[in-house]
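Given next are the chains, with one letter for each unit.
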Amino acid sequence: MFKKVLIGLVAIFIVFYIISSLKETSKPKVALIRVNDTIMDHMETVSNIAQAEKDESIKAVVIAVDSPGGAVGASQEIYRAIEKLREKKPVVVSMGNVAASGGYYISAPANVIYANPGTITGSIGVIIQQVDLSEVLNKIGVKVNTVKSGENKDILYPTKPLTPEQKQILEKTVMDVYDQFLDAIVKYRPIKKEVLKTYADGRVFSGREAQKIGLIDKLGNIQDAVKEAKKLGKLPEDAPVIEIKPPKPLLEELLKSKFGISIEKPKTGIYYLMTF
């Protein structure tokens with residue numbers, strides 16, 4: 001008899017817990033998405049944004065950016081995902097220590113951008129590098145034979161210097177991608193393209209300087225950004241905030257926690273990246 005009563009009480013508790021969880025899940029809320037470190041892979045961040053977009057209980061989104069930038073393609077993927085998100089829900093960016101180059105690029109489409117007075121931002125520009133090791137290889141007697149389908153197939157290989165023609169090719173590409181950066185900014189920021197060009201030479205700004213020229217909207221921390229998001233989403237001040245972050249693959253988590261091994265992807269390409 002006691003066992004039946006105990007089972008019944010446990011069942012009631014489980015049902016009550018499930019109902020409470022469902023109520024909590026459906027409660028109107030703000031989502032927090034973090035973009036940290038160098039932007040090399042867009043998949044996780046875009047997935048997080050898509051989740052926030054689909055969840056009808058999420059009424060506004062705060063994106064906390066702490067990144068010096070990264071690969072152009074990944075930055076553009078995230079930028080476009082935020083564009084689509086803001087069509088349905090208000091988006092507020094909160095800049096941390098650094099939100100520069102690609103970190104600024106992905107911030108541009110937000111409805112409101114917050115930065116701390118000392119946040120490092122800006123660094124608007126494009127960079128591509130080629131390391132020339134040909135003299136070193138010659139000195140140690142190493143000769144690299146390359147079979148290629150065209151004159152410029154190995155344009156960034158470190159085994160030879162760039163020709164003047166190849167440098168022009170790269171400069172043309174860099175300037176095209178740079179122009180895309182400017183267009184992405186002026187689409188949402190209150191600054192004309194010709195004015196922006198006078199600042200977009202790779203220099204960095206403090207948050208306070210960035211506000212003066214229109215690159216950010218307000219000075220404040222992540223709490224201020226959350227408060228702004230609740231206001232734009234027409235939520236009460238005590239509305240909950242949930243952080244969206246998909247679970248890491250089991251193997252990656254195991255290697256990182258047990259052995260300190262991090263699985264890195266190859267870093268190649270053209271960059272919106274603040275260099276040191």
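The structure presented is a predicted model; accordingly, all values stated were derived computationally and were not measured.

Participant: Tell me about the overall build of the chain, and please be specific about residues and values.
Facilitator: Looking only at helices and strands, the chain features 10 helices and 10 strands. For the chain, with 276 residues in total, the buried portion stands at 39%. Considering only contacts within the chain whose residues lie at least 6 apart along the sequence, 77% involve residues at least 24 apart. For the chain, the accessible surface area stands at approximately 16700 Å², while carbon and sulfur atoms represent 58% of it.

Participant: Could you give me a rundown of helix α2 (residues 43-54), with the residues and numbers involved?
Facilitator: Helix length check: α2 (12 residues) gives 16 Å between terminal C-alpha atoms against 16 Å at 1.5 Å per residue, within 8%. Considered for burial, the residues of α2 that qualify are T45, N48, I49, A52 and E53. For α2, the arc enclosing every buried residue in end-on projection is 140°, short of the 170-degree limit, so these residues lie on one face. For α2, the exposed residues set more than 90 degrees away from the buried face come down to M43 and K54.

Participant: Tell me about the packing of aromatic side chains, and please be specific about residues and values.
Facilitator: Summed over all chains, the structure comprises four aromatic pairs. Between Y105 and F181 the ring centres are 5.1 Å apart and the planes differ by 70°, which places this aromatic pair in the edge-to-face class. A residue pair is termed long-range when its members are at least 10 positions apart, and Y105 in helix α4 (residues 102-105) and F181 in helix α6 (residues 164-186) qualify at 76 residues. In terms of burial, Y105 and F181 fall into one category: buried. Feature note: the residues Y79, Y105, F181 and Y188 constitute an aromatic cluster, connected by ring pairs.

Participant: Which residues make up the pattern of salt bridges, and what values do they have?
Facilitator: All told, the structure shown has 12 salt bridges when counted by the stated rule. When the shortest N-O distance is used, the salt bridge between K160 and D154 registers 3.9 Å. For K160, a relative accessible area of 19% gives the class buried. With its nearest N and O atoms 3.7 Å apart, the salt bridge here joins E194 to K197. Taken together, the residues E194 and K197, both in helix α7 (residues 193-199) and three residues apart, mark about one turn of the helix. Salt bridges sharing common partners tie together R80, E83 and K187.

Participant: For the nonpolar core, give the residues involved together with the corresponding values.
Facilitator: Side chains of nonpolar character tend, in soluble globular proteins, to be buried together. Core analysis: the largest hydrophobic core is formed by 48 residues, its most contacted members being V61, I63, M95, I124, L196 and L215. Discounting residues that sit within four places of it in the chain, V61 has contacts with A31, I33, A52, L85, P90, V91 and V92. Core analysis: the next-biggest nonpolar cluster, separate from the first, contains 13 residues, V30, V62, V112 and A229 among them.

Participant: Explain helix α9 (residues 222-232) to me, using residue names and the numbers behind them.
Facilitator: For α9, every residue scored as buried is listed here: A225, V226, E228, A229 and K230. Elements in contact with the buried residues of α9: β1 (29-36), β2 (58-67), β4 (91-100), β5 (112-115), β8 (218-219) and β9 (241-243). The residue sitting at the N-terminus of α9 and contributing the capping side-chain oxygen is N221; that oxygen lies 3.1 Å from the backbone nitrogen of Q223. Phi for K234, located one or two positions after α9, is positive at around 55°.

Rules behind the numbers
- Residues numbered from 1 in each chain as written.
- Predicted model: local features only at pLDDT ≥ 70, side-chain atom pairs only at ≥ 80, totals over all residues.
- Heavy atoms only, no water.
- Helix = DSSP H or I, 4+ residues; strand = E, 2+ residues; numbered from the N terminus.
- Buried < 20%, exposed > 50% of the residue type's maximum accessible area, 1.4 Å probe, protein only.
- Contact = heavy atoms within 4.5 Å.
- Areas by Shrake-Rupley, 256 points an atom, 1.4 Å probe, with all protein chains shown as cover.
- Expected span 1.5 Å × (residues − 1).
- Arc of directions from axis to C-beta.
- Phe/Tyr/Trp six-rings, centres within 6.5 Å; stacked < 30°, edge-to-face > 60°.
- Salt bridge = Lys/Arg side-chain N within 4 Å of Asp/Glu carboxyl O.
- Core = buried A, V, L, I, M, F, W, Y, C linked by side-chain atoms within 4.5 Å.
- Polar contact = N/O pair within 3.5 Å; in protein donor to acceptor, adjacent residues only side chain to side chain.

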